[in-house]
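# Descriptive analysis of the structure
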Protein chains: 2
Amino acid sequence: MTIVKKIHHIAVVVEDFEAALGFWRDALGLELTHIEDVPKQKVQVAFLPLGESEIELVKPTDPEAGIARFLEKSGPGMHHICVGVDDIVAKLDELKEKGIRLINEAPLLGEGGRRYAFIHPKSTHGVLVELYEIPA
Amino acid sequence: MTIVKKIHHIAVVVEDFEAALGFWRDALGLELTHIEDVPKQKVQVAFLPLGESEIELVKPTDPEAGIARFLEKSGPGMHHICVGVDDIVAKLDELKEKGIRLINEAPLLGEGGRRYAFIHPKSTHGVLVELYEIPA
């Protein structure tokens, strides 16, 4: 079986970076390393490392973004858990064999060529789970 | 400033352990170390370590449990993020000074005498955050 290594990040949907950073950075004391534009998903992401993981604050840049619809329906809050895996293609195959429903049957390519895929919350009992490949 | 060390756990509310473990243990491949009764909170908790963190599956044992009401209102899914801190009393003081609203102004005592406290989601922009003291 492939290895699930760690929580890579927790994605938190926010309406406004400054307000959210008022808690995560200024009050809780995490460091904000950088903010990235992810035009493909019509979002901006603020990265705050925490141990071997990160808190990622995600803000829609367009009312048509999936995240904007989430925000409208559910308000700001936790969006998904991302776990780091050693071999994403093998892990997706294992999940499919076990009858797990995937949002992405094959990995997508993110920044820097890193591969990721989402598992459907129907198969996880309500949690949106992302897999992210972390090479050994 | 006090130190926030890591994501200690992510709490996921479930209706049924076997169904949820069908994903987290049997499909994703995490190890289930043990299941604990927490009678004070009228829940049982299943612990699945993941890197330096844990996924904790929380199941109500009584319809009056806070978690049972969450389940009824929102369905199964992510409930809170718990972060490990070095000095919880100092951290709670820092948060209060910064105007952060706390659910627990003083730490509660958990299993084994470990101290924890919850921050109100009004002050975190929609995320229920728990602090858990991890001695140095």
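Below you will find a few notes about this structure. (Residues numbered from 1 in each chain as written. Chains lettered and ligands numbered in written order. Predicted model: local features only at pLDDT ≥ 70, side-chain atom pairs only at ≥ 80, totals over all residues. Heavy atoms only, no water.)

### Things to note about unusual backbone geometry
The bulk of non-glycine residues show a negative phi, and the bulk of peptide bonds are trans. Residues and elements named next belong to chain A. In plain terms, the rule: Secondary structure counts use DSSP, requiring at least four H or I residues in a row for a helix and at least two E residues in a row for a strand, with both numbered from the N terminus. Each residue's exposure class comes from its accessible area (1.4 Å probe, protein chains only) as a fraction of the maximum for that residue type: buried when under 20%, exposed when over 50%, partly exposed otherwise.
Of note in the backbone geometry, Lys42 takes a positive phi value of approximately 55 degrees without being a glycine. Looking at where Lys42 falls in the secondary structure, it is placed in the loop between β2 (34-38) and β3 (43-50). Here Lys42 falls in the partly exposed class, since its relative accessible area comes to 34%.

### Quick notes on the environment of B:Leu50
Defined as follows: Residue contacts are counted whenever heavy atoms from the two residues lie within 4.5 Å of one another.
With respect to the element layout, B:Leu50 can be found in strand β3 (residues 43-50). In this structure, the C-alpha to C-alpha distance between B:Leu50 and B:His8, residues 42 residues apart in sequence, is 9.9 Å. With residues up to four places along the chain from it excluded, the contact list for B:Leu50 reads A:Val4, A:Lys5, A:Lys6, A:Ile7, A:Glu52, A:Val83, B:Leu30 and B:Ile55.

### Looking at the side chain of A:His79
Threshold: Under the rule applied, a polar contact is a pair of N or O atoms within 3.5 Å (in protein, one hydrogen donor and one hydrogen acceptor; residues adjacent in sequence only if both atoms are side-chain atoms).
Within the secondary structure, A:His79 is located in strand β5 (residues 77-85). We classify A:His79 as buried; its relative accessible area is 17%. At 2.9 Å, the side chain of A:His79 forms a polar contact with the side chain of A:His80. Look past the residues within four positions of A:His79 in its chain and what remains in contact with it is A:Ala11, A:Val12, A:Val13, A:Ile67, A:Phe70, A:Leu128 and B:Met78.

### Details of the pattern of salt bridges
Residues and elements named next belong to chain A. Quick reminder of the rule: A carboxyl oxygen of Asp or Glu within 4 Å of a side-chain nitrogen of Lys or Arg is what we treat as a salt bridge.
For the coordinates displayed, the defined rule picks out 12 salt bridges over all chains. A salt bridge links Arg25 to Glu18, with the shortest nitrogen-to-oxygen separation between them at 3.5 Å. Among the residues examined, Arg25 registers a relative accessible area of 26% and is labelled partly exposed. One connected set of salt bridges, linked through shared partners, spans Glu18, Arg25 and Asp26.

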